[in-house]
Amino acid sequence: MAQLFFKYGAMNSGKSIEILKVAHNYEEQGKSVLLFTPSIDNRDEVGYISSRIGLRKQAIPIDENTDMYSIVKNSLPKPHCVLIDECQFLSKDCILQLVRIVDELGIPVMAFGLKNDFQNNLFEGSKYMLIYADKIEEMKTICWFCERKAIMALRVENGKPVYSGKQIQIGGNEAYYPVCRKCHKNPPL
Ligand SMILES: [Zn+2]
């Protein structure tokens, strides 16, 4: 039975590396995979999944009008697996398309993303993945400042922590760090 997987983790927990690894493993066995990435993520060119260690792979960009269900249904050969990067940025409607890919097309979907934003609210995509996923797995990494597990993202602007503002602010001069709960509250900046 195909399943919907949600693998979440703080920044730098190796989510993109894991996607690229899973895709490589399938393709090495001659099995096709489809990769999607939200076009909102412009750390790199739109339409690429990139890891900090330098690996990258082309992916289908998703915006609010992308019909992922039809793309997967009409793709030949039928993909063995669908992989989604940065799924926190997806809408509820997109997550429900992933559910249909699993339940109606019988294709497993693995979606990777952050769980909570820098103000510790769930992202929309993550909220619905937590509700609909068959399997939920945490990818772990350690806090930027100490040895505890990182479970939050700290936004820093001009050397100061920021606890308010828009959830998604890409292209500004802010930086994000994976942090533990204690360092999120009192970062040693
Ligand atoms: Zn810490």
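Here the structure is shown first, and the text comes after it.
Parameters and conventions
- Residues numbered from 1 in each chain as written.
- Predicted model: local features only at pLDDT ≥ 70, side-chain atom pairs only at ≥ 80, totals over all residues.
- Heavy atoms only, no water.
- Helix = DSSP H or I, 4+ residues; strand = E, 2+ residues; numbered from the N terminus.
- Rg over C-alpha atoms; globule rule 2.2 N^0.38 Å.
- Buried < 20%, exposed > 50% of the residue type's maximum accessible area, 1.4 Å probe, protein only.
- Contact = heavy atoms within 4.5 Å.
- Areas by Shrake-Rupley, 256 points an atom, 1.4 Å probe, with all protein chains shown as cover.
- Phe/Tyr/Trp six-rings, centres within 6.5 Å; stacked < 30°, edge-to-face > 60°.
- Lys NZ or Arg CZ within 6 Å of the ring centre and 35° of its normal.
- Salt bridge = Lys/Arg side-chain N within 4 Å of Asp/Glu carboxyl O.
- Polar contact = N/O pair within 3.5 Å; in protein donor to acceptor, adjacent residues only side chain to side chain.
- Patch = residues over 30% accessible without salt bridge, like charges linked within 9 Å, V, L, I, M, F, W, Y side chains within 5 Å.
- Pairing = 2+ DSSP bridges.
- Axes fitted to C-alpha atoms, helices over the stretch in contact; angles between N-to-C directions.

A.B. asks: Before we move on, can you summarise the overall build of the protein chain with the specific residues and values?
C.D. replies: Per the secondary structure count, the protein chain includes five helices and 11 strands. Relative to a compact globule of 189 residues, whose C-alpha radius of gyration would be 16 Å, the protein chain shows 17 Å and is just as compact. Taken along the three principal axes of its C-alpha coordinates, the protein chain extends 50 × 30 × 30 Å. Within the protein chain, the fraction of its 189 residues that count as buried is 46%. The contacts of the protein chain with a sequence gap of at least 6 include a subset with a gap of at least 24, amounting to 72%. Of the roughly 10100 Å² of accessible surface on the protein chain, a fraction of 49% belongs to carbon and sulfur atoms.

A.B. asks: Give me the lowdown on the packing of aromatic side chains, citing residues and values where you can.
C.D. replies: Under the definition given, this model contains five aromatic pairs. Residues Phe 6 and Tyr 8 carry aromatic rings whose centres are separated by 5.8 Å and whose planes lie at 40° to one another, so their mutual orientation is tilted. Note on accessibility: Phe 6 and Tyr 8 belong to one class, buried. The structure contains a cluster of three or more aromatic residues connected by ring pairs, namely Trp 144, Phe 145 and Tyr 177. For the cation-ring pair, Arg 100 lies above Tyr 69, with the distance from its terminal atom to the ring centre recorded as 3.8 Å. Over the aromatic face of Phe 118 sits the side chain of Arg 155, whose NZ or CZ is 3.8 Å from the ring centroid.

A.B. asks: How would you summarise the pattern of salt bridges if you had to cite specific residues and measurements?
C.D. replies: Scanning the model with the defined rule gives six salt bridges in all. Across the pair Glu 104 and Arg 100 runs a salt bridge, and its minimum N-O distance is 3.1 Å. Here Glu 104 pairs with Arg 100, and both are found in helix α3 (residues 92-105), just four residues apart, close to one helical turn. By relative accessible area, which is 49% here, Glu 104 ends up partly exposed. Taking the relative accessible area as the measure of exposure, Arg 100 reaches 36% and is therefore partly exposed.

A.B. asks: Just give me the short version of the environment of Tyr 163, but keep the residues and values in it.
C.D. replies: Residue position: Tyr 163 is located in the loop between β10 (160-162) and β11 (175-179). When its relative accessible area of 37% is taken as the criterion, Tyr 163 is described as partly exposed. Among all residues touching Tyr 163, those that are not within four sequence positions of it are Phe 118, Gln 119, Leu 154, His 184, Lys 185 and Pro 187. Among the polar contacts listed, one links the side chain of Tyr 163 to the backbone oxygen of His 184, at a separation of 2.5 Å. Polar side-chain contacts of Tyr 163 include one of 3.4 Å to the backbone oxygen of Lys 185.

A.B. asks: So what about a nonpolar patch on the surface? Which residues, and what values?
C.D. replies: Taken together, Leu 96, Ile 131 and Tyr 132 make up a surface patch of nonpolar side chains, about 250 Å² in accessible area. Here Leu 96 lies in helix α3.

A.B. asks: Requested: an account of the sheet that holds strand β6 (residues 81-84), with residues and values cited.
C.D. replies: With parallel pairing, six strands are arranged side by side in an open sheet as β5-β2-β6-β7-β1-β8. In this open sheet, the two edge strands, each paired with only one partner strand, are β5 (60-62) and β8 (135-139). If you compare each strand with its neighbour and ignore which way they point, the axes differ by 20° on average. Taken together, the three bridges between β6 and strand β7 (residues 109-113) define a ladder with parallel strand orientation.

Treat this as a map of the structure, not an account of what it does.
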